[in-house]
Amino acid sequence: VSRAVVTLLTDYGPHSEHVGSVHAVLVAADPEIVRVDFAHDIPLGDVRFGAVVLERLAMRLPDAVHLAVVDPGVGSERRALAVGLASGGYVVGPDNGLIGPVTRALEAVAAVALPARPGAAATFDGREVFAPAAARLALGEDLERLGTPVDPAGIVGLSLPSAVISPGLLRAEVLGCDRFGNVQLAARADDASAAGLLAGQRVEVTGPAGRCDAFVARTFADVARGALAVYIDSHGWLAVAENLGDAAARLGVRPGGMIAIAVPRTPAP
Amino acid sequence: VSRAVVTLLTDYGPHSEHVGSVHAVLVAADPEIVRVDFAHDIPLGDVRFGAVVLERLAMRLPDAVHLAVVDPGVGSERRALAVGLASGGYVVGPDNGLIGPVTRALEAVAAVALPARPGAAATFDGREVFAPAAARLALGEDLERLGTPVDPAGIVGLSLPSAVISPGLLRAEVLGCDRFGNVQLAARADDASAAGLLAGQRVEVTGPAGRCDAFVARTFADVARGALAVYIDSHGWLAVAENLGDAAARLGVRPGGMIAIAVPRTPAP
Amino acid sequence: VSRAVVTLLTDYGPHSEHVGSVHAVLVAADPEIVRVDFAHDIPLGDVRFGAVVLERLAMRLPDAVHLAVVDPGVGSERRALAVGLASGGYVVGPDNGLIGPVTRALEAVAAVALPARPGAAATFDGREVFAPAAARLALGEDLERLGTPVDPAGIVGLSLPSAVISPGLLRAEVLGCDRFGNVQLAARADDASAAGLLAGQRVEVTGPAGRCDAFVARTFADVARGALAVYIDSHGWLAVAENLGDAAARLGVRPGGMIAIAVPRTPAP
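Counting starts from 1 at the beginning of each chain's written sequence and moves along it residue by residue. Working convention: letters from A go to chains and numbers from 1 go to ligands, in the order in which they are written. With pLDDT at 70 or above as the cut-off, local features in this predicted model cover only qualifying residues; side-chain atom pairs require 80 or more to be listed or tallied, and sums for whole chains, interfaces and linings still use all residues. Hydrogens are left out, water is left out, and the side-chain values use all remaining heavy atoms of the structure.

A. Local environment of the pattern of salt bridges. Residues and elements named next belong to chain B. Each reported salt bridge corresponds to a side-chain nitrogen of Lys or Arg within 4 Å of a carboxyl oxygen of Asp or Glu. Counted by the stated rule, this structure contains 39 salt bridges over all chains. In this structure, R211 engages E204 in a salt bridge whose closest nitrogen and oxygen atoms are separated by 3.5 Å. Each residue's exposure class comes from its accessible area (1.4 Å probe, protein chains only) as a fraction of the maximum for that residue type: buried when under 20%, exposed when over 50%, partly exposed otherwise. The exposed category is assigned to R211, whose relative accessible area is 61%. Two residues, R250 and E242, come together in a salt bridge whose shortest N-O distance is 3.1 Å.

Okay, structure coming up:
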């Protein structure tokens, strides 16, 4: 990209003053910086979901500077990092797992630990540490000048829970739910195949609120209004949605909860 | 306008990753595109209110590219359209009524049906189909190159419910409620006149939660704190507000509900 | 800053159409204007908290045009002002206390009362009066051309409630709570010192929901998970937070409520 692009992903809340503070730091550094809000409605402190969203959105702007803050441990001993990527971009954020997946997917080639700013507030590293670093990188400053070199291989990773698969049964954890009530599972297309879930098949989906019939479909629009669809979502994850309804509410699930998808046993002939 | 402007209106939720995904597509196409968020808090799937808001905001930037997605039927057979306007701007969105009013108000002069992208996710046309089309138009590409020509006259329209009017009585459907609890009705100034609602008059407003006294006023600030005002809102619609309060909660109404406004009968002298 | 910067702070709600309307006015005036959203989630009509947030964010961009609208009295007799600052920037907003602190902190050097626009909607001065004035200032127009000169000394101020201090006891009003449940008090570091609150000390914090143990700390990360910390927040205010929890919910407080922080009496030796 021809102009400096900085993306922002936080759990600060949409259009909160915390988001505004970070924007203000970037604009004060240079109003020409192109600012892109990736998401600010990440559930509070949900480092795992933040990491998943950051990775998939950053892939679309591989040479931008990605500023990410989901940081329940702000003020503690976790490191503050700026990471150079093979794609030419950078990631700036806490070393708590949030930036693990994206720095692996886009290949970290260098990293520095950002120093605390003398006299800075201890509770708002987004404004005091991360945004100033992102601005400096966007303006072309060398990564090495921002902090102490550290080994990129030591960036804290994130292991997503694996789906548990047996013939005709898949159990997976809920990664996140969106405004539409669509439930995104920690399982991918090949997990669904391995469990024998076939397109068009009727299955049973069980969550804390009970068991519901569903269909394996290409999209929720392929099932009747109010019916549940199991499908591969736009990010490649297995998901459950209710056509024109709220699957998360119906199944009673929240991020971190469990969902089972089962092929009903066919009675022997 | 001198630079390419793309506006965005969706029901994706404020600062959600879905909004961020669409921004990312535009920035990846060209960071110089000026992006303007019209609204992302349209009630889920409320095509009608989305259409109303899109029309009134797009009128202010008639030569911009307007990207609108309130699309409960994503993945179904409804068409994806890009429409050229007499004003020099464009509208890109699903052909489900959402873009009907704005393409009529700003006069559609050409339209194309956008093809599905091979291998694209079936559940996120905003990212896969609409945003790429908007970016191409913003960058100056010819509309005809984006898809198959269709007759602009065939764009799905939207008929707002009419107010029911008799002397001293107006009944109208609720189009939308905002954060302030102001209730916007599917009725215009001339409906109010036809029903004989006069400035300064005391009226009775009835919603599901009961009947309340109100005054026909220029603005809610013209009535006492906690009193209801019936007024013509900033978009020209008849509205009900409570001065420093929440009229929607008080009347118990939601979008799609009904409100009656009646002039009390004067006892015969 | 080299390009025209306009900041926005309102209680319109994140990504609401009201916010979009104001952006549309600015972009229609000139798409090159750099727009910065400071905050749009100010509690409805909370002029005081809006003023506090506006002041601290505007300090970071002293030469920008700051457009602020938290205006429960829109349509009433309060003045609409545009104010020139010694820093070279401007503040545009209602004269209801909202712009008092920032125009004092950045030193108002001139002010004009903005006229109502003939035929404009009475209920949306943000779009009809304030945004057009901000755009004109951003484009370099002279302040005097926008309205009738008024004395900057007459701008409505805002007096924050003082903390009540006695040895070992501080009582203060809640200014605001953020998404994290952190409680910001109308008290500063020197109030805490005056009350004898010492770093590392155990204290008792009392809110409407009861009394809780807490520690005077540098940050919430300095206390155990689920424990309460009393600390100086990133804006210099005394605050109460629960590490990885919601202090506002635990104490049962909302903006305008009262909190007491007490040093437990040591039994005589």
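B. Region of interest: the interface of chain A and chain B. Any pair of residues with heavy atoms lying within 4.5 Å of one another is described as a contacting pair. Taken together, the contact pairs 34 residues of chain A with 35 residues of chain B. Taken together, the two surfaces of chain A and chain B that pack against each other cover about 2700 Å², and 59% of this comes from carbon and sulfur. Here the buried area means the combined drop in accessible surface, using a 1.4 Å probe, for two parts upon being joined, counting both sides. It is R60, R179 and F180 of chain A that lose the most area in chain A upon contact with chain B, and together they represent 25% of the buried surface on that side. Where chain A touches chain B, the interface holds one salt bridge. Between E17 of chain B and R56 of chain A there is a salt bridge whose closest N-O contact spans 2.5 Å. Contributing elements (two or more residues each) for the side of chain A that touches chain B: β2 (34-39) and α2 (47-58) of chain A. Numbering of helices and strands runs from the N terminus; a helix is a DSSP stretch of H or I covering at least four residues, while a strand is a stretch of E covering at least two. Among the elements that take part in the side of chain A that touches chain B, β2 of chain A stands out by supplying six residues, more than any other. Under the grouping applied here, Gly and all other residues not named as nonpolar or charged are polar, the nonpolar ones being Ala, Val, Leu, Ile, Met, Phe, Trp, Tyr, Cys and Pro and the charged ones Asp, Glu, Lys and Arg. Its residues assigned to classes, the side of chain A that touches chain B comprises 16 nonpolar, seven polar and 11 charged.

C. Just the pairing of strand β9 (residues 169-177) of chain A, in detail. All names here are of chain A. Following DSSP output, two strands are said to pair if at least two bridges run between them. Relative to β9, strand β8 (residues 164-166) runs antiparallel, the two sharing three bridges. Pairing of I165 across the sheet is with L170, part of β9. Linking two consecutive strands that pair antiparallel, namely β8 and β9, is a turn of two residues; a positive phi of about 80° is found at G168 within it. Bridge analysis of β9 against strand β15 (residues 258-262) gives five bridges, and the strand direction is antiparallel. In the sheet register, E173 faces β15, and the bridge partner there is M258. Alignment of β9 against strand β10 (residues 183-188), held across three bridges, turns out to be antiparallel. Looking at β10, one finds that V174 is bridged to L185.

D. Spotlight on the environment of A24 of chain A. Examined against the element boundaries, A24 of chain A turns out to sit in helix α1 (residues 17-29). Distance in space between the C-alpha atoms of A24 of chain A and A131 of chain A is 9.3 Å, their sequence separation being 107 residues. The contact partners of A24 of chain A, leaving out residues within four places of it in the chain, are V36, F38, R60 and L61 of chain C.

E. How the structure looks around the sheet that holds strand β4 (residues 80-85) of chain B. Residue and element names in this part refer to chain B. Strand order in this open sheet of seven strands is β2-β1-β3-β5-β4-β6-β7, and the pairing throughout is mixed. At either end of the open sheet lies a strand with only one pairing partner, and these are β2 (34-39) and β7 (148-150). Neighbouring strand axes in the sheet, compared pairwise and without regard to direction, differ in orientation by 25° on average. As paired elements, β4 and strand β6 (residues 108-113) share five bridges and run antiparallel to each other. Residue pairing for β6: L81 is matched across the bridge by A113. In this analysis, axes come from line fits to C-alpha atoms, helices being fitted only over the stretch in contact, and the angle between any two N-to-C directions falls in the range 0 to 180 degrees.

F. Inspection of the environment of R211 of chain C at higher detail. Following the sequence through the fold, R211 of chain C ends up in strand β12 (residues 210-216). With sequence-adjacent residues up to four places away left out, R211 of chain C is seen in contact with E204, V205 and T206 of chain C.

G. Local environment of the relation of the copies chain A and chain C. Overlaying chain A with chain C gives an RMSD of 0.0 Å, the required rotation being 120° about an axis along which the chain moves by 0.0 Å. Read as a symmetry element, the transformation amounts to a three-fold axis. Relative to the rotation axis, the C-alpha of P14 of chain A is the closest in chain A, positioned 3.4 Å from it. Little of the interface of chain A is mirrored in chain C, where only 17% of its interface residues again form contacts. Copies are brought into register by a least-squares superposition over C-alpha atoms of residues with pLDDT of at least 70 in both.

H. Just the side chain of E204 of chain B, in detail. Residues and elements named next belong to chain B. Tracing the backbone shows E204 in strand β11 (residues 202-207). Judged by relative accessible area, E204 falls into the buried class, the value being 19%. Look past the residues within four positions of E204 in its chain and what remains in contact with it is R211, C212, D213, A260, I261, A262 and P264.

I. Layout of helix α4 (residues 125-138) of chain C. Residues and elements named next belong to chain C. In this scheme, a helix's expected span is set at 1.5 Å multiplied by one less than its residue total. Taking 1.5 Å per residue, 14 residues should reach 20 Å; α4 reaches 18 Å between its end C-alpha atoms and fits that length. Throughout, the bend at a residue refers to the angle made by two axes, fitted to the seven residues ending there and to the seven starting there. The sharpest bend along α4 measures roughly 30° and falls at A131, with the proline P132 sitting one to four residues further on. In terms of residue burial, α4 counts as a mostly covered element, since 13 of its 14 residues are buried. G140 sits one or two residues past α4 and shows a positive phi near 100°.

J. View of the relation of the copies chain A and chain B. Aligned on chain B, chain A shows an RMSD of 0.0 Å; the corresponding rotation is 120° and the shift along the axis is 0.0 Å. Residue by residue, only 18% of the interface of chain A is reproduced at the interface of chain B, so the copies engage with different surfaces.

K. Examining the interface of chain A and chain C more closely. The interface is formed by 35 residues belonging to chain A together with 34 residues belonging to chain C. Carbon and sulfur atoms make up 59% of the area that chain A and chain C hide from each other, which totals about 2600 Å². Three residues stand out in chain A for area buried against chain C, namely H15, E17 and T123 of chain A, and they jointly supply 27% of the buried area on that side. Connecting chain A to chain C are one salt bridge.

L. Expanded view of unusual backbone geometry. Even without a glycine there, the phi angle at L244 of chain B is positive, about 60°. On the secondary structure map, L244 of chain B appears in the loop between β14 (237-242) and α6 (247-251). In this structure, H15 of chain C is a non-glycine residue whose phi angle is positive, near 50°. With respect to the helices, strands and loops of the structure, H15 of chain C is situated in the loop between β1 (5-10) and α1 (17-29). Judged by its relative accessible area of 3%, H15 of chain C is buried.

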